[in-house]
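Below, each chain spelled out in residue letters.
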There are 4 protein chains.
Amino acid sequence: MKRIGLLTSGGDCQALNAAMRGVVKTLAFSGEAVEIYGFLEGYKGLIYGNFQMLTGKDFSGILTKGGTILGSSRTPFKTIREPDPNGLDKVEAMKQNYYKLKLDCLVVLGGNGSHKTANLLREEGLNIVTLPKTIDNDLWGTDMTFGFQSAVDIATNAIDCIHTTAASHGRVFIVEVMGHKVGWLTLNAGMAGGADIILVPEIPYDINKVVDKIEERESTGSKFTIIAVAEGAISKETAKLSKKEQKKRLEDYPYPSVSYEVADQIYKMTGKEVRVTVPGHTQRGGSPCPYDRVFASRLGAEAGKLILEGEYGFMVGYRNREIVKVPLDEVAGKLKYLDPDARIIKEAKLLGICFGD
Amino acid sequence: MKRIGLLTSGGDCQALNAAMRGVVKTLAFSGEAVEIYGFLEGYKGLIYGNFQMLTGKDFSGILTKGGTILGSSRTPFKTIREPDPNGLDKVEAMKQNYYKLKLDCLVVLGGNGSHKTANLLREEGLNIVTLPKTIDNDLWGTDMTFGFQSAVDIATNAIDCIHTTAASHGRVFIVEVMGHKVGWLTLNAGMAGGADIILVPEIPYDINKVVDKIEERESTGSKFTIIAVAEGAISKETAKLSKKEQKKRLEDYPYPSVSYEVADQIYKMTGKEVRVTVPGHTQRGGSPCPYDRVFASRLGAEAGKLILEGEYGFMVGYRNREIVKVPLDEVAGKLKYLDPDARIIKEAKLLGICFGD
Amino acid sequence: MKRIGLLTSGGDCQALNAAMRGVVKTLAFSGEAVEIYGFLEGYKGLIYGNFQMLTGKDFSGILTKGGTILGSSRTPFKTIREPDPNGLDKVEAMKQNYYKLKLDCLVVLGGNGSHKTANLLREEGLNIVTLPKTIDNDLWGTDMTFGFQSAVDIATNAIDCIHTTAASHGRVFIVEVMGHKVGWLTLNAGMAGGADIILVPEIPYDINKVVDKIEERESTGSKFTIIAVAEGAISKETAKLSKKEQKKRLEDYPYPSVSYEVADQIYKMTGKEVRVTVPGHTQRGGSPCPYDRVFASRLGAEAGKLILEGEYGFMVGYRNREIVKVPLDEVAGKLKYLDPDARIIKEAKLLGICFGD
Amino acid sequence: MKRIGLLTSGGDCQALNAAMRGVVKTLAFSGEAVEIYGFLEGYKGLIYGNFQMLTGKDFSGILTKGGTILGSSRTPFKTIREPDPNGLDKVEAMKQNYYKLKLDCLVVLGGNGSHKTANLLREEGLNIVTLPKTIDNDLWGTDMTFGFQSAVDIATNAIDCIHTTAASHGRVFIVEVMGHKVGWLTLNAGMAGGADIILVPEIPYDINKVVDKIEERESTGSKFTIIAVAEGAISKETAKLSKKEQKKRLEDYPYPSVSYEVADQIYKMTGKEVRVTVPGHTQRGGSPCPYDRVFASRLGAEAGKLILEGEYGFMVGYRNREIVKVPLDEVAGKLKYLDPDARIIKEAKLLGICFGD
């Protein structure tokens, strides 16, 4: 008999339910008796002992459902060791609830921050298995995270819609894609949507290069230009600033986001009006795409298998087209950035896409 | 032998191509010899004589294509009687090009402003037939415009995506839907997406009622609330101001749009963080939905029939489920607002939807 | 305090859940105390007393969900007065369960057959309110039924997919669309998908006209032809047979469906291979489209209102863009056929679409 | 100055246009002067010298377009060395046209059969570069082919639609997925759609195991079962027959396809009616999904690079998440089957999916 805790932490994304269903189905079909404790709203549920007992039925029909049936919340790693407003020691509280419920394992579905906390709990002696959830695809130790491809689909769809309107009006359009630190999502949605310029955090841009591209297009008869800009895109000048100076700069920042700054610069340099579209949180929502459903189900199945075999302390990841287990301490605290020299970037450049570098 | 001019004017929308294809197919299959002059970028093309000769081939395969193969632009009615920067009399220029090409008829696909200009050209003696294009569904004289249902689909899809993320995080979310003057699109997308609160220009809102609804939902266990806000939503206080005062108010407006003001007010009154999503121009783009393809094709066919019969001076509209011809002077200069007492509003209220009134 | 029974009967379709949600939300927000009895699997649940007590919670989040949370089944009207295998009088059983539960009203969501039974129960003295459910749009007394537009979307999407493959290979393709008796769905999906030929039950076809159209297209450079065929399409010769002869003909019918017969005839007459695609039951499934969600919600709200006002014996329908109540005895036993002289058919013909007549 | 031939061969699929656009954009942006000869309808165009001169403009806007702008046809490898009806030596004809046009390279987008012919042409001394096109994902030498993920999306969507109707009616449903020889598509769509049973050619099925699974589901309260069946699924008994016996068996086969045989067997063994849905050719059509657009663009870019570098005789493939070049003689004549012991199969079994083995 196994007693398993389950929680989803951080920003929600597609296929969280599919992944949990994978874990639970695997346990259920294994023949082993299992009790599932679903902690509500991420680590908060574990801290305050808010949970629901769940059965196989609760996971039936949720393969295609967006969001998470457990709810989620951000519980910043930075403050995890600080007591809560009532003086509660959060780490101790999590441990106590874990032991009180006599859990054999805690399954955490989360992104970067969540993995730091997961690793901390592992260090504290809890049995942990994690699953790589994020639309950003920036988790270390895995080639792919679930949610990513679904987000690519939504962001691409936004670019597709903008394409027809940009072409009809001969305009410059910016589509702002999620991604404060990494550019995977913007790069893939930009390529899929046929963007002419793609600005990502890993490749600081020179606004002159951006304007050159727009004018080159115009000179060859293309009246419109589509620019995919990551939330965290950064200019060469800003990139040269110290972190402290960057932070200060943002305090007086007159734009809602970098896309509006880029738009303003293009306007000032060319006289062209630039429209900005921000699909925003829609990129985390809706039903997972088939790719993510299969992928999350596979990861869930392998997590279930690890639990049945009593192998703890791992994230279930994906490398070179195989599902692998990655030690949690390798994962925690690292980000998987886009390499500016990666093959895919070179290919994008072969296709004429401008990165502003 | 008929010589037909064709132009698409104003903001683009879905099914413009489908409608033009309908006109041209009808003329082509009629057996009558036809020459098609496609004016580029709306009335601008007619003013400056920029056009392309088009054949049936050019309209093949465009039923499903978003945007407009002719390009579009806004040529404001307000300044149509003023000379252009080079001193050109725009109305005269349009007439001269019409007569020079010996056109039998000019087909205009446009929204409100475009219909004013179309009616002006009719008064000047040109043969005009128009088609009701706008995602806003605010054209007088027709129950429906093409583009509307496609925009409803896109805006609804955005709300669907937000729904899963709002539910997962127990948050208040605003989705800002296009519509500066009328609320048809917001109302329909809001109802289709299961929004709890819908704010439209025709029903000024009281922010207290909005907050009451959020709190009522929370008290009955619903942790999240979705609000669909039209771009032109307006509070009761603002609605009481004179147009002049309203304009002045907007000059110092600290928010990118009304949604952010609503979000801010809710935050100040409840302490709840409110996220805003703005699908923006995506609502005009992409492939037309099947409803719009059938509808635009039908309108196009009837426009073709009018041309073959030599009946000019009409918009082809839709009333009580029948395609009808509506005299242009009835259409021009009027807006079709949502009636706050309309049956559909009452039904929405029966379903528990709050309009803030 | 109201006690309301609810059942969904016949083939399932999209927006059944949306419609039920509309009824229940309206009752819930009215302030009146309500008990909801959900009968399982259509009339069967009423006959055998299989039901679940439902609350508002059960209807939360189902606006976008396909199928029916109550399950459905076909309980043929033909045999409704015959005892069941165990000798049970079905009509009496339904009445007894209705009275035993002290229902104030039974809400039936169904199509043609289900309306006959609903009217029978009304004649037997029960309070009945119905909602028009069918992808076929063939219910008498209403311009529109929910499910229809969603099915149009799916069938159109199938034609869209076939279009690219037909164009690439220069082939003749048949897409078989649901509709044994009426052609609304085939007509609308055919027009939306750009079909060149549309065959519907109401317009018997001459295969020579079909072949002429294919050859006319070829002679003008169009190498492929798309044919939308309703399940119940019928040739002129077969249409002349008596019902008895038609039935006999079907007994020895060597084809899986009429599409294959049409394909075979075209092959024999032209030597062209014709591919047949049958989207089948997918046309009833999946999430309802935004149009259907709004429409079903509106109908549900008005049904809720009728119940609150104690007005029974009606179907809530839609005529001339207004929601109306239609006496059940007007609805039962009639089919709403496509009129071969309808404006939409004429428009389709203007566009060059061939109906084989 | 480079002179490049381009052809698309075999059954069409999604992203053919995206891949060609990738090749042509790369050549165009390289600065090298290029002439593009687009051969029409596959190898036929090369044999009979039917081609069009194409420019960058022709490849603009086709990233999202399904099908192939060049048309395609099947030119069976089996008969490629036989003269055509007029006595023409096909291989010689292709060589002559290649040399007559002074081509530097021929780019072939095709699947299995097309690669055999491509390799033959290479052996005959032509410069060949190929791209792996097939919804079946069965090409040797590459982990992935373009078209595959788009087809998974469409087949999954069909299963999703069937899911709601199956659940509503408590029925057994079969969805027949494309794939005569390999099961990649059925496996992935089945997993993504939540199928309970998946039958693929590589794992012969025992109908008793299939029935057991249906009954096991029923005994645990699941009234419906979804079965994804590949076109080439095969029973254990049939698999034991010699190829000759198998062929003979098919001659008298009373079913349109194996799905109907499975349906019939289940009906006979359980009395349950089983519905069959065949999405058929829709699986090859429509706009490519974002994954395929990125993937095909990348392959196209790398093919363009090979051409610029004068490296011929390769298929551009994908292995371990990197784009690689694979010698054509390694690719030709081999099929990439699903390994019954593959990790993904084991994972599917962990999730409770039955393969009938």
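As the structure is a computational prediction, the values presented were derived from the model and not from experiment. (Residues numbered from 1 in each chain as written. Chains lettered and ligands numbered in written order. Predicted model: local features only at pLDDT ≥ 70, side-chain atom pairs only at ≥ 80, totals over all residues.)

**Concerning the overall build of chain A**
Going by this rule: By definition, any uninterrupted DSSP run of H or I lasting at least four residues is a helix, any uninterrupted run of E lasting at least two residues is a strand, and each is numbered from the N terminus. Restricting the calculation to C-alpha atoms gives the radius of gyration, and the globule rule supplies 2.2 Å times the number of residues raised to the power 0.38.
Secondary structure summary: chain A contains 13 helices and twelve strands in total. In terms of overall size, chain A behaves like a compact globule, its C-alpha atoms giving a radius of gyration of 22 Å where 357 residues would be expected to give roughly 21 Å. Based on the C-alpha atoms only, the size of chain A along its principal axes is roughly 70 × 40 × 30 Å.

**Overview of the interface of chain A and chain D**
The condition that has to hold: In this description, a residue-residue contact is defined by the distance between C-beta atoms placed from the backbone, which must lie within 7 Å. Classes in brief: Ala, Val, Leu, Ile, Met, Phe, Trp, Tyr, Cys and Pro nonpolar; Asp, Glu, Lys and Arg charged; the others, Gly included, polar.
Facing 37 residues of chain A, the contacting portion of chain D comprises 37 residues. Mapped by element, the contributors of at least two residues to the side of chain A that touches chain D are α1 (16-29), α5 (148-169), α6 (184-192), α11 (290-309), β12 (322-327) and α13 (343-350) of chain A. Of the residues forming the side of chain A that touches chain D, the biggest block, ten residues, is contributed by α11(A). Residues belonging to the side of chain A that touches chain D are distributed by class as follows: 14 nonpolar, eleven polar and twelve charged.

**Points about unusual backbone geometry**
Residue and element names in this part refer to chain B. What counts is decided by this rule: Partly exposed residues are those whose C-beta has more than 12 but fewer than 20 other C-beta atoms within 10 Å; 20 or more makes a residue buried and 12 or fewer makes it exposed, with C-beta atoms placed from the backbone.
Backbone geometry at E41 places phi at a positive 55 degrees, although glycine is not the residue there. Relative to the assigned elements, E41 resides in the loop between β2 (34-39) and α2 (43-48). Residue E41 is classed as buried on the basis of its C-beta count, with 24 C-beta atoms lying within 10 Å.

**Structural notes on the interface of chain B and chain A**
Taken together, the contacts link 30 residues of chain B with 30 residues of chain A. A breakdown of the residues in the side of chain B that touches chain A according to their chemical character gives eight nonpolar, 18 polar and four charged.

**Notes on the domain arrangement of chain A**
Residue and element names in this part refer to chain A. This is how the line gets drawn: Each domain's extent was defined by an automatic or database domain assignment.
You can read the domains of chain A as domain 1 (2-147 + 286-331) and domain 2 (151-284 + 340-350). When each unit is reduced to the centre of its C-alpha atoms, the spacing between domain 1 and domain 2 is 34 Å. Taken together, the residues of the side of domain 1 that touches domain 2 break down into three nonpolar, four polar and three charged.

**With respect to the relation of the copies chain B and chain A**
Using the following cut-off: The copies are overlaid by a least-squares fit using only the C-alpha atoms of residues whose pLDDT is at least 70 in both copies.
For the pair chain B and chain A, the superposition axis carries a translation of 0.0 Å, the fit reaches an RMSD of 0.0 Å, and the rotation angle comes to 180 degrees. Such values leave the two copies arranged in the relation of a two-fold axis. Closest approach to the rotation axis within chain B is made by the C-alpha atom of P279(B), at a distance of 2.7 Å. Take the interface residues of chain B: 100% of them recur as interface residues in chain A, which is what a same-surface contact looks like.

**Quick word on helix α4 (residues 112-123) of chain C**
Residues and elements named next belong to chain C. Test applied: Take the residue count of a helix, subtract one, and multiply by 1.5 Å to get its expected span.
In a regular helix each residue adds 1.5 Å, so twelve residues correspond to 16 Å; α4 covers 17 Å between its end C-alpha atoms and thus fits that length. Counting buried positions along α4 yields ten of twelve residues, so the element is predominantly enclosed. Regarding α4, the residues found buried are N112, G113, S114, H115, K116, T117, A118, N119, L121 and R122. Those residues of α4 that are buried lie in contact with α2 (43-48), α3 (90-100), β4 (105-110), β5 (128-134), β11 (314-319) and α12 (328-331). Phi turns positive one or two residues past the end of α4, at G125, with a value near 105 degrees.

**Here's the deal with the sheet that holds strand β8 (residues 197-199) of chain A**
Residues and elements named next belong to chain A. This is how the line gets drawn: Here, strands pair whenever DSSP counts at least two bridges between them. The convention used is that axes are lines fitted to C-alpha atoms, helices contributing only their stretch in contact, and that angles between N-to-C directions extend from 0 to 180 degrees.
Taking strand neighbours across the sheet as the criterion, the four strands line up as β8-β9-β7-β10 in an open arrangement whose pairing is parallel. Each edge of the open sheet is held by one strand with a lone partner, namely β8 and β10 (274-277). Going from strand to strand, the sheet's axes swing by 20 degrees on average, the running direction of each strand aside. Pairing between strand β7 (residues 172-177) and strand β9 (residues 225-230): six bridges, direction parallel.

**A word on the environment of F146(A)**
Looking at the secondary structure, you find F146(A) in strand β6 (residues 146-147). For F146(A), a count of 33 C-beta atoms within 10 Å translates into the label buried.

**Some details on the packing of helix α7 (residues 207-219) of chain A against helix α10 (residues 258-270) of chain A**
Residues and elements named next belong to chain A. To keep things clear, this is the line we draw: For a crossing to be left-handed, the near helix must be turned anticlockwise from the far one by less than a right angle; the clockwise case is right-handed.
For the pair α7 and α10, interaxial distance at closest approach is 10 Å and the crossing angle is 65 degrees. Where α7 crosses over α10, the handedness of that crossing is right-handed. Taking contact as the criterion, the partners of I207, V210, V211 and I214 in α7 are, on α10, Q265, I266, M269 and T270. Per-class residue counts for the contact of α7 with α10 are six nonpolar, two polar and no charged.

**Comments concerning the pairing of β11(C)**
Residues and elements named next belong to chain C. The buried fraction of β11 is high, at five of six residues. With six bridges joining them, β11 and strand β12 (residues 322-327) adopt antiparallel strand pairing. When the sheet's bridge partners are listed, Y318 is paired in β12 with I323.

**Considering α3(C)**
All names here are of chain C. As a reminder of what qualifies: Directions drawn from the helix axis to the C-beta atoms are what define this arc.
Taken residue by residue, α3 has K90, M94, N97 and Y98 as its buried positions. Along the long axis of α3, the arc covered by the buried residues comes to 100 degrees, so they all point the same way. Away from its buried face, by an angle of more than 90 degrees, α3 presents the exposed residues E92, Y99 and K100. Contacts from the buried residues of α3 go to β1 (2-8), α2, β4 and α4. After α3 finishes, the residue K102 shows a positive phi value of roughly 55 degrees.

**Structural notes on the confidence of the model for chain A**
Going by this rule: The predictor attaches a confidence to each residue, called pLDDT, with possible values from 0 through 100.
Within chain A, residue pLDDT values average 96, and 100% of them lie at 70 or more. Listed scores for the predicted complex are pTM 0.97 and ipTM 0.96.

**Quick word on the sheet that holds strand β8 (residues 197-199) of chain D**
All names here are of chain D. Read from one edge of the open sheet, four strands run β8-β9-β7-β10, paired in parallel fashion. Each of the sheet's edge strands pairs with one partner strand only, and the pair in question is β8 and β10 (274-277). On average, adjacent strands in this sheet sit at an angle of 20 degrees to one another, irrespective of strand direction. With four bridges joining them, strand β7 (residues 172-177) and β10 adopt parallel strand pairing. In the strand pairing of β10, F173 is matched with R275. With respect to the sheet, helix α5 (residues 148-169) is in contact with β7, β9 (225-230) and β10, its orientation differing from that of β7 by roughly 170 degrees.

**Overview of the nonpolar core**
For clarity, the cut-off: Each nonpolar core reported here comprises buried Ala, Val, Leu, Ile, Met, Phe, Trp, Tyr and Cys residues connected via C-beta atoms within 7 Å.
Core analysis: the biggest nonpolar cluster contains 469 residues, and A19(A), A19(B), A19(C) and A19(D) have the highest contact counts within it. Other than its neighbours up to four places away in sequence, A19(A) contacts L109(A), L131(A), F146(A), A296(A), L299(A) and G300(A).

**As for the environment of D153(B)**
All names here are of chain B. Assignment of secondary structure puts D153 in helix α5 (residues 148-169). Note on D153: 24 C-beta atoms within 10 Å, which makes it buried. With 40 residues separating them in the primary sequence, D153 and G193 have C-alpha atoms 9.5 Å apart.

**Some details on the packing of helix α11 (residues 290-309) of chain B against helix α6 (residues 184-193) of chain C**
Our working rule: An angle below 35 degrees is treated as roughly parallel, one above 145 as roughly antiparallel, one from 65 to 115 as roughly perpendicular, and anything else as oblique.
Interhelical geometry of α11(B) versus α6(C) gives an angle of 85 degrees and a closest axis separation of 8 Å. Accordingly, the angle class assigned to the pair α11(B) and α6(C) is roughly perpendicular. Contacts between α11(B) and α6(C) involve P290(B), R293(B), V294(B) and S297(B) from the former and N188(C), A189(C), M191(C) and A192(C) from the latter. Partitioned by chemical class, the residues of the contact of α11(B) with α6(C) number five nonpolar, two polar and one charged.

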